[in-house]
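Structural overview for review
Read off the chains here:
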Amino acid sequence: MKKSSPSSAIFVFAVLLFSVAVVWAGQVPLSLEYDVEGVEYSSEIPLPEDVIGHQVGTRHTRAHQLVDYYRAVAEVSDRVILRQHGRTYEGRPLVHAIVTSPSNHARLEEIRQANLALSDPASDISERRLRNQPGVIYLGYSVHGNEATGSEAALLTLYHLAAGSGSPVEQALENLVIILDPAFNPDGRDRFVNWVNGNRGRVATIDSQDREHREPWPGGRTNHYWFDLNRDWLPAQLKESQARLEIYHHWKPQILTDHHEMGGDATFFFQPGIPSRNNPYTPQRTFDLTAEIAEYHARRLDDIGALYYSEESFDDFYYGKGSTYPDVNGAVGILFEQASSRGLRRETDLGELSYAYGIRNHFSASLSTIEAAVEMRPRLLAHMRDFYAEAPQIARQDPVKAFIFSCQGSQRTRGQALAQLLRRHRIKVHELARDSQAAGVSFKAGEAYVVPLDQPQIRLIKALFEPMTEFNDVLFYDVSTWVLPMAFDVDHASWEAGLSGLLGSEVEQPQLDGGGVEGQSDYAYLMRWGGFFAPRALYRLLQAGLYPRLAVAEFEARVEGGLRSYPAGTVIIPLNPRDAQASMTPQQARNLLQDIARQDHVVFEAAQGGLTPSGADLGGPSMEVIPKPSVALLSGSGTSAYQVGQVWHLLNERMGLPVTLLDMEDFDNADLDDYNTLVLVSGFYGRLNADKLKGWVRAGGTLIAIHNAARWAVEQELVTGKLFEPEDQPEDVPYDQVRRQRGAQVIGGSIFEVELDTTHPLAFGYGPRMAFFRNHTSFFEVSQQPGVTVASYTDSPLLSGYVSQENLQALAGSAALLASRSGGGRVVLFADDPTFRAFWYGTSGVFLNAVFFGPLF
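Quick notes on the rules
- Residues numbered from 1 in each chain as written.
- Predicted model: local features only at pLDDT ≥ 70, side-chain atom pairs only at ≥ 80, totals over all residues.
- Heavy atoms only, no water.
- Pairing = 2+ DSSP bridges.
- Helix = DSSP H or I, 4+ residues; strand = E, 2+ residues; numbered from the N terminus.
- Axes fitted to C-alpha atoms, helices over the stretch in contact; angles between N-to-C directions.
- Buried < 20%, exposed > 50% of the residue type's maximum accessible area, 1.4 Å probe, protein only.
- Contact = heavy atoms within 4.5 Å.
- Parallel < 35°, antiparallel > 145°, perpendicular 65-115°, else oblique.
- Left-handed = near helix turned anticlockwise from the far one by under 90°.
- Nonpolar A, V, L, I, M, F, W, Y, C, P; charged D, E, K, R; others polar.
- Expected span 1.5 Å × (residues − 1).
- Bend = angle between axes of the 7 residues up to and from the residue.
- Polar contact = N/O pair within 3.5 Å; in protein donor to acceptor, adjacent residues only side chain to side chain.
- Salt bridge = Lys/Arg side-chain N within 4 Å of Asp/Glu carboxyl O.
- Phe/Tyr/Trp six-rings, centres within 6.5 Å; stacked < 30°, edge-to-face > 60°.
- Lys NZ or Arg CZ within 6 Å of the ring centre and 35° of its normal.

As a further point, take the sheet that holds strand β5 (residues 135–141). Spatially, the seven strands line up as an open sheet ordered β3-β4-β7-β5-β8-β10-β9, and their pairing is mixed. Every other strand in the sheet has two partners, leaving β3 (80–87) and β9 (268–270) as the edge strands with one partner each. Ignoring strand direction, the axes of neighbouring strands in this sheet form an average angle of 20 degrees. With seven bridges joining them, β3 and strand β4 (residues 93–99) adopt antiparallel strand pairing. Residue pairing across strands places Val80 opposite Val99, the latter belonging to β4.

This is the structure we're talking about:
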């Protein structure tokens, strides 16, 4: 039987002090001189050092050691249960501890259901009930793996709650259910921890040039695929984020904390952020509560003499961050930023900064959060209740009653993926029950989804679907917009009429489907292009030894269902290639196609012969054989780890393509003949051998260059192109306004409309207009050479987000995607990042066209 009550052997807080120490060579550990008044500790709960093998603060703790300690405490404490909510891409467990009193554990499900009732507008919850209802808080640590002090503080917080006795702990356990998530990002953490521990000797050094302090590319900030997980709460495209959202919505806490680090010369930050940059969908009451909680942080940090600040940096605008996502879910999100030592010791402008010092401050902030949650519990519960209770009134006052988006034809998979994302956020989605038209867009029953506004998550729905072009403040810590139907490239519209007869069945768990094999053929099958996983299907056909061909113009063909028209971009799959060894029986081919159709959600139609009534015949010279991509992705120091990771994730994780991560340092010695496609993301390529790259392209290679890699390609004359800058309009402004004026010229992340040349292979499968995401101010002129400009910005391109008038004028009519020949090869230039944060499904499809069809234009 678990036990956690104090025994006769009492450990006062000095024991915990001793476990948070800086070890000096040959000296006794130095106490941090911090105390928790009125708390004593039981010897029956193991100290962290007893399990992890070192005192907290004396070295960096690996992810598995965090789990080991949490498991060890859960085994002996009746206050703690440990649950696993997922695994990372590298297989590490994602765990959380649920900490509360034994009596609360006995009725834990009852407490959870009562807590979830707060988010039901129909629930009638009285103030009296709230006074007696436990609150729920979620303390989350180190979403950035190399901001490691947070996870160390998670060890101490668990020990404090499991072993402590006295009023502060007992009040917390009786009044709260506390979820402790010790490491949001175990893969990144271990990448960082293995480096610093492995490059530190017995005597730690503060010299910033020492290897311990010079973490190599890509660093430990990101997850396995080098994504910033603290930008993925809203897109929710990654395994860690999806698992985290499950536990978040399973409980719906009133407070969520997000423990980070910042530059070593800073102090300690806690929210509120800059008030003028709050998201307008968040009620003012949220920020008032955040400010009140901040007073608790201030008092604790005052007690230990730690410098701190709030309201002067960071913001609460983008809902994709851990500190802001709770704000649009009826809770209070709190960002903590601690000056970082990264290694064990570091010299800063304020003197030497130790790893243990940062741990102490994050531990202090954890305790102040718990204290605030206990004392403010009824009002925090009331805030969540009122947040959702207001939803019906907001819906009544809004002229929009629903949003509709398509899952028809080639948009089917993208629409279904969007529906899945919405359900992760507990947004209700319905099938469209009748054919409808809105804003000039036609939607078919059963081939579109409806998202009614009159539901608890109305504020989040509006934030996800409504474009925004007017702002109180034009400076942003992150992106200024994220309209999801635009990102997924699905037809969509707002619906302002009544919903009678519009709502079909509610879709609880949207599934990706829609694939199949229509008819039988001994000759060939046809696959229309444009489905999100069509490239994956094509690669599997190439892997099977077939020789698919690409139709570059519209044609008609006889299939089992009769005569049908097929657009440019259709893939023809002959069943009888010249290579007899590659041939397969019709039944083998059908089995293969059925498997691919089921997994990749594409449709194969059985052609009844190669002679077409109009357009090129299936064996004609214009039906070009599609080469199997052999892709190298330039990576390593000098390249953007984020963008490398995005491309790697798209090609490898989603599309099943093996990708060679070719290190920049190895480029001169690399045999490029092994690859027919090379991708360059944003980076600094001054050291790259441009002549070698030119020779490879001219010999037949396809170069795909993104953002400033595209700029570099033009500057190195790998391709003909012209860059330009917006006209400078200097203003005489006071010194204190210079930073704001410069910031107003930044495109931090906005959505713009482009026109696509749908006759070009890079645009096959997509419509004449598409939303592109842009977060920079590099501009390309439209090419004077015919057929080179595949996409250009429209004359009025702004769809959503902030852009200055100067930049908007420069962007209008400029090039977004250029593709030209160079000798025997091709160069494709993306002015923008098409794979941004893995949720830009539309532009990701255009990038995949460049990978598969790049050699064919």
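Residue placement: Thr777 occurs in the loop between β34 (769–774) and β35 (779–780). A relative accessible area of 28% means that Thr777 is categorised as partly exposed. Remark: the alpha-carbon pair of Thr777 and Ile747, spanning 30 residues in sequence, is separated by 6.5 Å. In this structure Thr777 touches Glu725, Gln745, Ile747 and Asn807, once residues within four positions along its chain are discounted.

Attention shifts here to the packing of helix α18 (residues 534–543) against helix α25 (residues 841–853). Packing of α18 against α25 brings their axes to within 11 Å, and their N-to-C directions diverge by 20 degrees. As judged from the angle between their axes, α18 and α25 are roughly parallel. Regarding α18 and α25, the two cross each other, and that crossing is left-handed. Each of Pro535, Leu538, Tyr539 and Leu542 in α18 lies in contact with α25, whose residues at this interface are Leu848, Phe852 and Phe853. Across the contact of α18 with α25, the residue classes break down as seven nonpolar, no polar and no charged.

This part covers helix α20 (residues 641–654). An α-helical turn contains 3.6 residues, so any two residues separated by three or four positions project in the same direction. For α20, spanning 14 residues, the distance from its first C-alpha to its last is 18 Å, which sits close to the expected 20 Å at 1.5 Å a residue. The sharpest bend along α20 reaches about 25 degrees and sits at Trp648. The buried fraction of α20 amounts to 11 of the 14 residues, a majority that puts the element mostly inside the structure. Residues Ala641, Gln643, Val644, Gly645, Gln646, Val647, Trp648, His649, Leu650, Leu651 and Arg654 constitute the buried set of α20. The inward-facing, buried residues of α20 abut α18, β28 (631–635), β29 (659–663), β30 (677–680), β31 (702–706) and α25.

This part takes up the side chain of Asp478. With respect to the secondary-structure elements, Asp478 resides in the loop between α16 (458–465) and α17 (484–487). Looking at Asp478, the relative accessible area reads 10%, which means it is buried. Polar side-chain contacts of Asp478 include one of 2.6 Å to the side chain of Arg231. Within the structure, the side chain of Asp478 is placed 2.9 Å from the side chain of Arg837, a separation counted as a polar contact. When sequence neighbours within four positions are dropped, the list of residues in contact with Asp478 reads Arg231, Tyr318, Gly748 and Arg837.

Our next topic: unusual backbone geometry. Working note: non-glycine residues mostly have negative phi, and peptide bonds are mostly trans. Following Trp217, the chain continues to Pro218 via a peptide bond in cis, the omega torsion being 5 degrees. Mapped onto the secondary structure, Pro218 falls in the loop between α9 (186–198) and α10 (239–251). Looking along the chain, the bond that leaves Gln271 and enters Pro272 is cis, with omega of 25 degrees. Checked against the element boundaries, Pro272 lands in the loop between β9 and α11 (284–304). Residues other than glycine seldom take positive phi values, yet Trp226 does so here, at roughly 65 degrees. Classification of Trp226 by relative accessible area gives buried; the value is 9%. You will see that Arg426, though not glycine, has its phi angle at about 60 degrees, which is positive.

So, about the pattern of salt bridges. As enumerated under the stated definition, the model contains 41 salt bridges in all. Notably, a salt bridge pairs Arg385 with Glu127, separated by 2.6 Å at the nearest N-O pair. Note that Arg385 is positioned in helix α13 (residues 377–389) and Glu127 in helix α6 (residues 127–131), a separation of 258 residues in sequence. The buried category is assigned to Arg385, whose relative accessible area is 14%. Put simply, Arg774 and Asp832 hold a salt bridge, and the shortest N to O gap is 2.8 Å. Of this pair, Arg774 sits in strand β34 while Asp832 sits in the loop between β38 (825–830) and α25, and the two are 58 residues apart along the sequence.

Another point: the packing of helix α5 (residues 108–117) against α10. At their nearest, the axes of α5 and α10 sit 8 Å apart, and the two run at 85 degrees to each other. As the angle between them shows, α5 and α10 are arranged roughly perpendicular. Taking contact as the criterion, the partners of Leu108, Arg112, Asn115 and Leu116 in α5 are, on α10, His249, His250 and Trp251. A breakdown of the residues in the contact of α5 with α10 according to their chemical character gives three nonpolar, three polar and one charged.

This part covers the packing of aromatic side chains. Summed over the entire model, instances satisfying the criterion amount to 40 aromatic pairs. Residues Phe532 and Phe533 carry aromatic rings whose centres are separated by 5.0 Å and whose planes lie at 75 degrees to one another, so their mutual orientation is edge-to-face. On the basis of relative accessibility, which here comes to 1%, the residue Phe532 falls in the buried class. Counting every residue linked through ring pairs, the aromatic cluster contains Phe317, Tyr318, Tyr319, Phe471, Phe476, Trp482 and Tyr802. The ring of Tyr89 carries the charged tip of Lys239 above its face, separated from the ring centre by 5.3 Å. The residue whose ring lies beneath Arg459 is Phe387, and the NZ or CZ to ring-centre distance is 4.2 Å.

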